[in-house]
Amino acid sequence: IRRLTFDLTGLPPDPDEVDRFENDPAPDAYERLVDRLLASPDFGERWARHWMDVIRFGESQGFERNRIRDSAWRYRDWIVSAFNRDLPYDDFVKLQLAGDVLRPGTYDGMVATGFHVCGTWDQVAHVEGSGAMRLAARQDHLEDLIGTYGQAFLGLTLQCARCHDHKFDPIEQQDYFRTAAVLDGVHQREPEASGLKLTSADAVGAAAASDEPYDGPLHVPHFAEPGEVRLLRRGQANQPLDPVEPATIDAVRIGELASIPLAGSDAERRRALAEWTVDPRHPLTPRVIANRLWQHHFGTGIVDTPSDFGFSGGRPSHPELLDHLALRLIESDWSLKQLHRHIVTSAAYRRSSERHPQGDEIDAAVRMRFRANLRQLEGEAVRDAMLACAGVLVRRLGGPSYEDVVVERKQNHEFTVPTDEFSAATCRRTIYRLWARSGAEPLLQSLDCPDPSVAVARRPGTITPIQALGLQNGPLARHCAAEFAKRVVASAGPDRAAQLRLAWRIAYGRSPRDEELREGLELVDQVGLEQLLLALLDSNEFLFVD
């Protein structure tokens, strides 16, 4: 239950939930637990964070000015809502590429296009620079759009073909600029669009949209009619060659769709691209997302380079399994929750992590899944789990981001000084922090939370002394340990042994062994309950899931 709860919600199970599960004799107890967790609003918060890594979501421009985007959090909330209401993955993709076209005049359709503008944007070059600077910045911005689209949805490094034919994959420079012609109508402006009157504002976490109209600002693209796109010699904006027509990637052929030029308006081009991307015959799109789900449930994907399915990427450990998962996704109407359920109810997922000498000798990397692998929790899950154990986690869905760094809104916005604030405003789930570029929080940074300036398909998962020291001496850990102590005293009463038994159940999902209880009582007598609980929050068993 601990493994499953962290995987699906990013939080530890409550002791009462563990007791109910362990004492449920029904043969379908596990399956019902899976269904309950998939239905939890915590599910969307957990899996939205994974997607935000892939698309390099940030709430500031980056570059020199690095100004905050005050409404960018609405796109983040849309992602949370999409996962919670099990928006079919094909619709999830199409709305991000062309939601304004497919659902015109709606909040749901418009806010989803925040996908195009959640990356970096160089205000100095685009607005304050010379004509040559603006021209070069526009090409760099298109490269970022094309690269994110290719890696996130197709598992292809399309951006590598800007200057020349791809060195390893069958992607020509022509393919890159044909894709650029498709997206040439997508532009970014700062500040955000305001006064947008949209219908059916979607409530975060709700199963259906409300009828309340939306009238206000959104951080969304500015769409214009595309201009002439030319092939560029070595990708240089000042060395144009022949014009190119908008089209899809020639090497990825899907029946008749491959030969249809995406001519016409910006709306027609993006609509055609969206439909092509999620055509059920597409060989890449369903496999890429199925592999991402497998990666986060097992620690490593079937293809261990989740955003690169090309020649330089990893070879699939189980190609037939990847085919099966992709087909299963399509046959279940692109339901990600059904695919999650299929994976986590499998024998492979439910295996013990107990080591086996012969198996470890044959498969040291555990790619064959003969046992479960020990996996390190991400920084957000560590922080959220600490707050949950302390009993102070504020479980409110959506809304503006909280700020855990001092925000200096000068000509160039700066976010370099942590506030160390510990209040109801900041004790929310970590996905709701202000995710500003160059605005890292020290503990999260040490736990490998990436700067959103670049897309991250797979976090490094390092183990360093700085992590242990931050969890032992940092203000968040000490605040949580103090609140944790108050919680166990209030719930267990004055009996020290009862307090420790409850603390173990909250932190680890199990009761302490006799030796642990004896040594724990001795330590409490020496340094106090709070110090013991601080040690629990800094332990391997707390920071890893087996």
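Shown above is the structure to which this text applies.
Presented here is a report on the structure given in the accompanying data block. Owing to the predicted nature of the structure, the values given are computational and were not obtained by experimental measurement. (Residues numbered from 1 in each chain as written. Predicted model: local features only at pLDDT ≥ 70, side-chain atom pairs only at ≥ 80, totals over all residues. Heavy atoms only, no water.)

**Quick look at the overall build of the protein chain**
If you tally the helices and strands in the protein chain, you get 23 helices and 10 strands. Expected size for 546 residues packed as a compact globule is a radius of gyration near 24 Å; at 25 Å, the protein chain falls within 12% of this value. For the protein chain, the spread of C-alpha atoms along the three principal axes comes to 80 × 55 × 45 Å. Here the protein chain, with 546 residues, has 54% of them falling under the buried criterion. Sequence separation of at least 24 residues holds for 69% of the intrachain contacts in the protein chain that already meet a minimum separation of 6. Accessible surface, the protein chain as shown: approximately 23,100 Å² in total, 51% of it carbon and sulfur. Charge centroids of the protein chain, computed over 64 positive and 82 negative side chains, lie 1 Å from each other. (Helix = DSSP H or I, 4+ residues; strand = E, 2+ residues; numbered from the N terminus. Rg over C-alpha atoms; globule rule 2.2 N^0.38 Å. Buried < 20%, exposed > 50% of the residue type's maximum accessible area, 1.4 Å probe, protein only. Contact = heavy atoms within 4.5 Å. Areas by Shrake-Rupley, 256 points an atom, 1.4 Å probe, with all protein chains shown as cover. Lys, Arg positive; Asp, Glu negative; His and termini not counted. Charge placed at Lys NZ, Arg CZ, Asp CG, Glu CD.)

**Considering the nonpolar core**
Grouped together as the largest cluster of nonpolar side chains are 92 residues, with contacts concentrated most on Trp51, Ile55, Trp78, Ile79 and Phe153. Setting aside anything within four residues of it in sequence, one finds Ile79 in contact with Ala48, Trp51, Met52, Ile55 and Phe92. Membership of the second largest hydrophobic core comes to 42 residues, among which are Phe6, Ala385, Leu393 and Ala507. (Core = buried A, V, L, I, M, F, W, Y, C linked by side-chain atoms within 4.5 Å.)

**Let's talk about helix H14 (residues 336-344)**
Every buried residue of H14 is listed here: Leu336, Lys337, Leu339, His340, Ile343 and Val344. One side of H14 holds all its buried residues, which, seen down the axis, span an arc of 160 degrees. One side-chain oxygen at the N-terminal end of H14 lies 3.1 Å from the backbone nitrogen of Gln338; it belongs to Ser335. (Arc of directions from axis to C-beta. Polar contact = N/O pair within 3.5 Å; in protein donor to acceptor, adjacent residues only side chain to side chain.)

**Some remarks on the packing of helix H1 (residues 2-9) against helix H3 (residues 29-39)**
Contact pair H1 / H3: the axes reach a minimum separation of 10 Å and the direction vectors enclose 25 degrees. Judged by the angle between their axes, H1 and H3 are roughly parallel. Judged by the twist between their axes, the crossing of H1 over H3 is right-handed. On H3, the residues that touch Leu4, Thr5, Leu8 and Thr9 of H1 are Tyr30, Leu33, Val34, Leu37 and Leu38. Broken down by class, the residue content of the contact of H1 with H3 amounts to seven nonpolar, two polar and no charged. (Axes fitted to C-alpha atoms, helices over the stretch in contact; angles between N-to-C directions. Parallel < 35°, antiparallel > 145°, perpendicular 65-115°, else oblique. Left-handed = near helix turned anticlockwise from the far one by under 90°. Nonpolar A, V, L, I, M, F, W, Y, C, P; charged D, E, K, R; others polar.)

**Regarding the side chain of Asp77**
Structurally, Asp77 can be placed in helix H5 (residues 73-84). Within the structure, the side chain of Asp77 is placed 2.8 Å from the backbone nitrogen of Gly399, a separation counted as a polar contact.

**A few points about the packing of aromatic side chains**
Overall, the coordinates contain 16 aromatic pairs when judged by the stated rule. When the centroid spacing of 6.4 Å and the interplanar angle of 35 degrees are considered together, the rings of Phe43 and Trp47 count as tilted. Highlighted residues: Phe43 and Trp47, both in helix H4 (residues 41-54), separated by four residues, approximately one helical turn. Owing to a relative accessible area of 1%, Phe43 belongs among the buried residues under this scheme. For Trp47, a relative accessible area of 3% puts it in the buried group. (Phe/Tyr/Trp six-rings, centres within 6.5 Å; stacked < 30°, edge-to-face > 60°.)

**Details of the pattern of salt bridges**
Scanning all chains against the criterion turns up 49 salt bridges. For Arg383, the salt bridge identified is with Asp384, shortest N-O distance 3.9 Å. Exposure remark for Arg383: the relative accessible area of 8% places this residue in the buried category. For the salt bridge of Arg433 with Asp404, the shortest nitrogen-to-oxygen distance reads 2.9 Å. Of this pair, Arg433 sits in the loop between strand E9 (414-418) and helix H17 (442-446) while Asp404 is found in the loop between helix H16 (379-390) and strand E8 (405-408), placing the two residues 29 residues apart along the sequence. For the pair shown, Arg433 and Asp404 are each scored as buried. (Salt bridge = Lys/Arg side-chain N within 4 Å of Asp/Glu carboxyl O.)

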